[in-house]
2 protein chains.
Amino acid sequence: MTTDQKRQTRKKYYTQFAKIYVAVDCIIFGFLDNTLKILLRTRDFEPGLGKSSLIGGFVKEEESLDDAAARILHDLTGLENVFLEQLYTHGEIDRDPGERVISVSYYALLKVQDLDHDHVEQHGARWCNVGECNRLIFDHNEMVEKALARLRRRAKNQPIGFELLPRKFTIPQLQMLYEAIYQKKFDNRNFRKKLLAMDVLEKLEIKDKSTSKKGAYLYRFDKKRYNKLIQNGFLFDL
Amino acid sequence: MTTDQKRQTRKKYYTQFAKIYVAVDCIIFGFLDNTLKILLRTRDFEPGLGKSSLIGGFVKEEESLDDAAARILHDLTGLENVFLEQLYTHGEIDRDPGERVISVSYYALLKVQDLDHDHVEQHGARWCNVGECNRLIFDHNEMVEKALARLRRRAKNQPIGFELLPRKFTIPQLQMLYEAIYQKKFDNRNFRKKLLAMDVLEKLEIKDKSTSKKGAYLYRFDKKRYNKLIQNGFLFDL
DNA sequence: CCAAAAGTGTTGACCGTACACCCATGA
DNA sequence: TCATGGGTGTACGGTCAACACTTTTGG
């Protein structure tokens, strides 16, 4: 029996219970102008018409939560295979003043240089500095706070910072990203030392001269090497 | 306008979208016989009749997710004000072979000595050693894994171990709890040193002689002191 | 008096942090 | 030639981990 056939032959076991609208809201991070930003949109429907909100949508009957999040992200950005992780599910009864909706939040990290900015703008989205995007509808500010907390925790223990940079990047670039995430300065010697000691970056023989006359060496995150190290009990820790 | 009135006057904004069954499943931890255990139940209805499962139930129209979890926990244990934290939301389409149900998992930490064990048994629940409770229905094993991972992370950085012990406990008791959680031995001198250095325990002038002839001093977690320290930037770290 | 659990300090290794100067180059 | 950002090494202090013996007392 195929999965589709199984689905069609399902009995009605739970008719006595209530069904509820389920939404997905995405906190989409990007790194532009050495600043950490998220994508916001202005609501074009009630309730909350005209107010700022995260990028979201309803979960369909025949898609998983992860699929819904990926669909919503893809519709807006045109991108696939973006880093996406579930965060938290908000289930207060009156969180949406329209009707009862529970919302599963996801955060995404994307490489802005892969993005078609016109496409994004045509969908009514815009980049907003993290920390300046308060006054969102419903409980969306809380979602952003949780996403930031998660990003900060993860970035320390998992190599996800690279998801926000081009595949080839310089050490100063990476450091500025981390400074944007944690909102504090790092000592450049210590940062380099610790980072390179982990031995997960491949140094390229090319320099990026776009930000200095001397130029900075480009590096690439070596995922295969990272996975091998992980299997041997190595822990990423910046 | 009262909250109830608001709710009744809600418009129908989202009728074009699908509604979905939402369940809550609880991973309920307890510390018995120096072992970390969770509460399981045998399903007495289809689908999955006769199989082992977590303690769960459906979310009602007029209750929040947190309230649903607290209700389910209270129905089974008779306890209130138990430590309860949301974990993850499982949303695969076919995770429940009956109908489509998404499930929000919560983990709970309870003091087993507060428990009416007859009441629990009458509700068909039993304690099962963590690590020996595989072969659960649906994706419940995955939920247990996630709960364990979260417990381990939290126990290191937040004083939640105390939620699993009596209000008055001994240092050796606490150490055995941590050994059960992390499945490894700790050096007792180092454990004491680090723990007492944090200065969040109040030493009582009574000894517990139930496990040794010499007797071990009882301690109490000083929550007020802990909160004060936290405000000054102190970090719990065991 | 002895078995069994409670309680106590020291040392060496390692890691995190603080800190300042030279290099390369385009303009 | 100079201004700008890139790149480099060392020393100190604190934290973590390893380690063994004494104390208490009920049976």
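Everything discussed here concerns the structure shown above.
### Looking at the protein's contact with DNA strand D
- The local shell around DNA strand D holds 20 residues, among which Lys193(A), Lys214(A), Tyr217(A), Asn190(B) and Lys213(B) are the closest.
- Between DNA strand D and the protein, one listed contact pairs a phosphate oxygen with a side-chain N or O atom of Arg192(A) at 3.0 Å.
- A distance of 3.4 Å separates a base nitrogen of DNA strand D from a polar side-chain atom of Arg189(B).
- In terms of residue count, helix H6 (residues 188-197) of chain A provides more of the surface near DNA strand D than any other element does, five residues in total.
- Classifying every residue of the surface near DNA strand D by side-chain character gives three nonpolar, six polar and eleven charged.

### Describing the packing of helix H4 (residues 140-157) of chain A against helix H5 (residues 171-182) of chain A
Residues and elements named next belong to chain A.
- For the pair H4 and H5, the least separation of the axes is 10 Å and the interaxial angle reads 145°. The element H4 and its partner H5 pack so that their crossing is left-handed. Facing Leu151, Arg152, Ala155 and Lys156 of H4, the residues of H5 in contact are Tyr178, Ile181 and Tyr182.
- Residues of the contact of H4 with H5, tallied by class, amount to five nonpolar, no polar and two charged.

### Things to note about the protein's contact with DNA strand C
- Lining the immediate environment of DNA strand C, one finds 21 residues, of which Asn190(A), Lys213(A), Arg189(B), Arg192(B) and Tyr217(B) sit closest.
- The share of sugar and phosphate among atoms of DNA strand C within 4 Å of the protein is 43%.
- Between DNA strand C and the protein, one listed contact pairs a base oxygen with a side-chain N or O atom of Lys193(A) at 3.3 Å.
- Between Lys209(A) and DNA strand C, the recorded distance is 3.2 Å, taken from a side-chain N or O atom to a phosphate oxygen.
- For the surface near DNA strand C, the secondary-structure elements that each account for two or more residues are H6 of chain A together with helix H6 (188-197) and strand S10 (216-221) of chain B.
- The element that contributes the greatest number of residues to the surface near DNA strand C is H6(B), accounting for five residues.
- For the surface near DNA strand C, the per-class residue count stands at three nonpolar, six polar and twelve charged.

### Brief notes about the interface of chain B and chain A
- Every contact between the two is made by 43 residues of chain B and, on the other side, 43 residues of chain A.
- Of the roughly 4,200 Å² buried where chain B meets chain A, counting both sides, 54% is carbon and sulfur surface.
- Across the chain B-chain A interface, the total number found is zero salt bridges.
- At the junction of chain B and chain A, the tally comes to 20 residue pairs in polar contact (both at pLDDT 80 or more).
- For the side of chain B that touches chain A, the secondary-structure elements that each account for two or more residues are helix H1 (3-8), strand S1 (19-32), helix H2 (65-77), strand S5 (83-90) and strand S6 (101-109) of chain B.

### Topic: the pattern of salt bridges
Residue and element names in this part refer to chain B.
- Applying the stated criterion to the full structure yields 18 salt bridges over all chains.
- Put simply, aspartate 114 and arginine 167 hold a salt bridge, and the shortest N to O gap is 3.3 Å. Taken together, the residues span a long stretch of sequence, with aspartate 114 in the loop between S6 and helix H3 (117-122) and arginine 167 in the loop between helix H4 (140-157) and strand S8 (168-170) at a distance of 53 residues.
- Residue aspartate 114 is classed as partly exposed on the basis of its relative accessible area, which comes to 34%.

### Details of the packing of helix H5 (residues 171-182) of chain B against H6(B)
Residues and elements named next belong to chain B.
- Viewed as axis vectors pointing N to C, H5 and H6 meet at an angle of 105°, and their least axial separation amounts to 11 Å. Here H6 runs roughly perpendicular to H5, going by the angle between their axes. Taking contact as the criterion, the partners of Ile171, Pro172, Leu174, Gln175 and Tyr178 in H5 are, on H6, Asn188, Phe191, Arg192, Leu195 and Leu196.
- When grouped by side-chain class, the residues that make up the contact of H5 with H6 number seven nonpolar, two polar and one charged.

### Overview of the nonpolar core
- Membership of the largest hydrophobic core comes to 54 residues, with the highest contact counts inside it found for Val22(A), Val24(A), Ile28(A), Leu110(A), Val22(B), Val24(B) and Ile28(B).
- When contributions to this core are tallied by element, the ones reaching two or more residues are strand S1 (19-32), helix H2 (65-77), strand S6 (101-109) and strand S7 (125-129) of chain A together with S1, H2, S6 and strand S7 (125-129) of chain B.
- Not counting chain neighbours up to four residues away, the residues in contact with Leu110(A) comprise Ile28(A), Phe29(A), Gly30(A), Leu73(A), Thr77(A), Leu79(A), Val82(A), Leu115(A), Trp127(A), Glu163(A) and Leu164(A).
- Leu54(A), Ala155(A), Phe191(A) and Phe221(A) belong to the second largest nonpolar core, which has 45 residues in total.

Procedures and definitions
Residues numbered from 1 in each chain as written. Chains lettered and ligands numbered in written order. Predicted model: local features only at pLDDT ≥ 70, side-chain atom pairs only at ≥ 80, totals over all residues. Heavy atoms only, no water. Near = heavy atom within 4 Å. Polar contact = N/O pair within 3.5 Å; in protein donor to acceptor, adjacent residues only side chain to side chain. Helix = DSSP H or I, 4+ residues; strand = E, 2+ residues; numbered from the N terminus. Nonpolar A, V, L, I, M, F, W, Y, C, P; charged D, E, K, R; others polar. Axes fitted to C-alpha atoms, helices over the stretch in contact; angles between N-to-C directions. Left-handed = near helix turned anticlockwise from the far one by under 90°. Contact = heavy atoms within 4.5 Å. Buried area = accessible area lost by both parts, 1.4 Å probe. Salt bridge = Lys/Arg side-chain N within 4 Å of Asp/Glu carboxyl O. Buried < 20%, exposed > 50% of the residue type's maximum accessible area, 1.4 Å probe, protein only. Parallel < 35°, antiparallel > 145°, perpendicular 65-115°, else oblique. Core = buried A, V, L, I, M, F, W, Y, C linked by side-chain atoms within 4.5 Å.

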